[in-house]
Amino acid sequence: TELQTAVVDATPRINRLGGTIDDVGDSIEKIALASRRNVVANTEDIEKLYASSKVLGTTVGELAEEFTKVGVGISQIGPELENSVKYIQSIGGNTKQVMNDVRSNIDQMNRYQFEGGVQGLTKMAAQASMLRFDMSNTFALAEKVLSPEGAIETAAAFQRLGVAAGNLADPFQLMNQSINDPSGLQDS
């Protein structure tokens, strides 16, 4: 009965987005598989994940899987994506490009601390997009300066340049930013 109700309620909403009843059933199945629980997603979650998957050119299952891996619950994926899209639009960024960067780097949320979680990662991706560089460069630098040797070596290199490099010339700040504030490291 619960499954039937979910399909009946979600079908008109998915139809308005260009989907079919098959897409509703597939979405419900993929959400349950990604959550690894025997639950039926509610209509709003199905609609938001389906719409997001169409905008981002992915599947509901991939989206649900990526976000649940970093601890974002199924019911929070839609609101997180909405807030991210609103932020990207507010700064004039390309939503699809930035969100694809977020999706491809979302596993970094398990390794580094981002202020605001998904929003922090989105802001970092948007900044990287606007400056036309790959976020993987920031993560490679963060990885290098995680160790004291790497931080000292990097800080010394900046000091040899003879420029005022702020936090980049302090090995302790480099190590701190690498784990606790990768977006701050990117800013520096």
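In what follows, the structure referred to is the one given above.
Nothing here was measured: the structure is a model prediction, and the numbers come from that model.

## Description of the packing of helix α4 (residues 60-69) against helix α5 (residues 74-90)
Taken N-terminus to C-terminus, the directions of α4 and α5 make an angle of 100°; their axes are 10 Å apart at the nearest point. By the angle between their axes, α4 is roughly perpendicular relative to α5. Residues Leu63, Ala64, Phe67 and Thr68 of α4 touch α5, and the partners they reach there are Ile74, Ile77 and Leu81. The class makeup of the residues in the contact of α4 with α5 is 6 nonpolar, 1 polar and no charged.

## Concerning the layout of surface pockets
In this approach the atoms are scanned with a rolling probe the size of a water molecule, which exposes any empty space left behind. In this structure, the largest pocket occupies an estimated 160 Å³ of space. Along the walls of the largest pocket sit Lys48, Ala51, Ser52, Val55, Leu56, Gly78, Leu81, Glu82, Val85, Gln89 and Thr95, which together make up its complete lining. Of all elements in the fold, only α3 (43-56) and α5 reach the threshold of two or more residues within the lining of the largest pocket. Residue classes in the lining of the largest pocket are distributed as 5 nonpolar, 4 polar and 2 charged.

## Let's talk about the side chain of Asp45
Within the element layout of this structure, Asp45 appears in helix α3. At 6.6 Å, Lys48 is the nearest oppositely charged side chain to Asp45, a buried residue that forms no salt bridge. Beyond its immediate stretch of four places on either side in the chain, Asp45 contacts Ile74 and Ser75.

## Description of the pattern of salt bridges
Once their charged atoms are close, side chains differing in charge can pair, the charge on each being opposite to the other. Counted under the stated rule, the structure contains 8 salt bridges. Notably, a salt bridge pairs Glu47 with Arg13, separated by 3.2 Å at the nearest N-O pair. Of the two residues, Glu47 is situated in helix α3 and Arg13 in helix α1 (residues 2-16); the sequence distance between them amounts to 34 residues. What makes Arg13 partly exposed here is its relative accessible area of 30%. Here Arg103 and Glu62 are joined by a salt bridge, their closest N and O atoms 3.9 Å apart. On the criterion of sequence distance, the pair formed by Arg103 in helix α6 (residues 95-105) and Glu62 in helix α4 is long-range, its members being 41 residues apart.

## Some remarks on the packing of aromatic side chains
Applying the stated criterion across every chain yields a total of 1 aromatic pair. For the ring pair Tyr112 and Phe139, a centre distance of 5.6 Å and an interplane angle of 15° mean the geometry is stacked. Taken as a pair, Tyr112 in the loop between α6 and α7 (118-130) and Phe139 in helix α8 (residues 135-144) lie far apart in primary sequence, 27 residues in all. The ring of Tyr87 has Lys123 lying over it, and the distance from NZ or CZ to the ring centre is 5.5 Å.

Conventions we followed
- Residues numbered from 1 in each chain as written.
- Predicted model: local features only at pLDDT ≥ 70, side-chain atom pairs only at ≥ 80, totals over all residues.
- Heavy atoms only, no water.
- Axes fitted to C-alpha atoms, helices over the stretch in contact; angles between N-to-C directions.
- Helix = DSSP H or I, 4+ residues; strand = E, 2+ residues; numbered from the N terminus.
- Parallel < 35°, antiparallel > 145°, perpendicular 65-115°, else oblique.
- Contact = heavy atoms within 4.5 Å.
- Nonpolar A, V, L, I, M, F, W, Y, C, P; charged D, E, K, R; others polar.
- 1 Å grid on protein atoms, 1.4 Å probe; cavity = no way out; pocket = protein on both sides within 12 Å on 5 of 7 lines; lining within 4 Å.
- Points joined across faces, edges and corners; volume = space filled by probe spheres on them.
- Buried < 20%, exposed > 50% of the residue type's maximum accessible area, 1.4 Å probe, protein only.
- Lys, Arg positive; Asp, Glu negative; His and termini not counted.
- Salt bridge = Lys/Arg side-chain N within 4 Å of Asp/Glu carboxyl O.
- Phe/Tyr/Trp six-rings, centres within 6.5 Å; stacked < 30°, edge-to-face > 60°.
- Lys NZ or Arg CZ within 6 Å of the ring centre and 35° of its normal.

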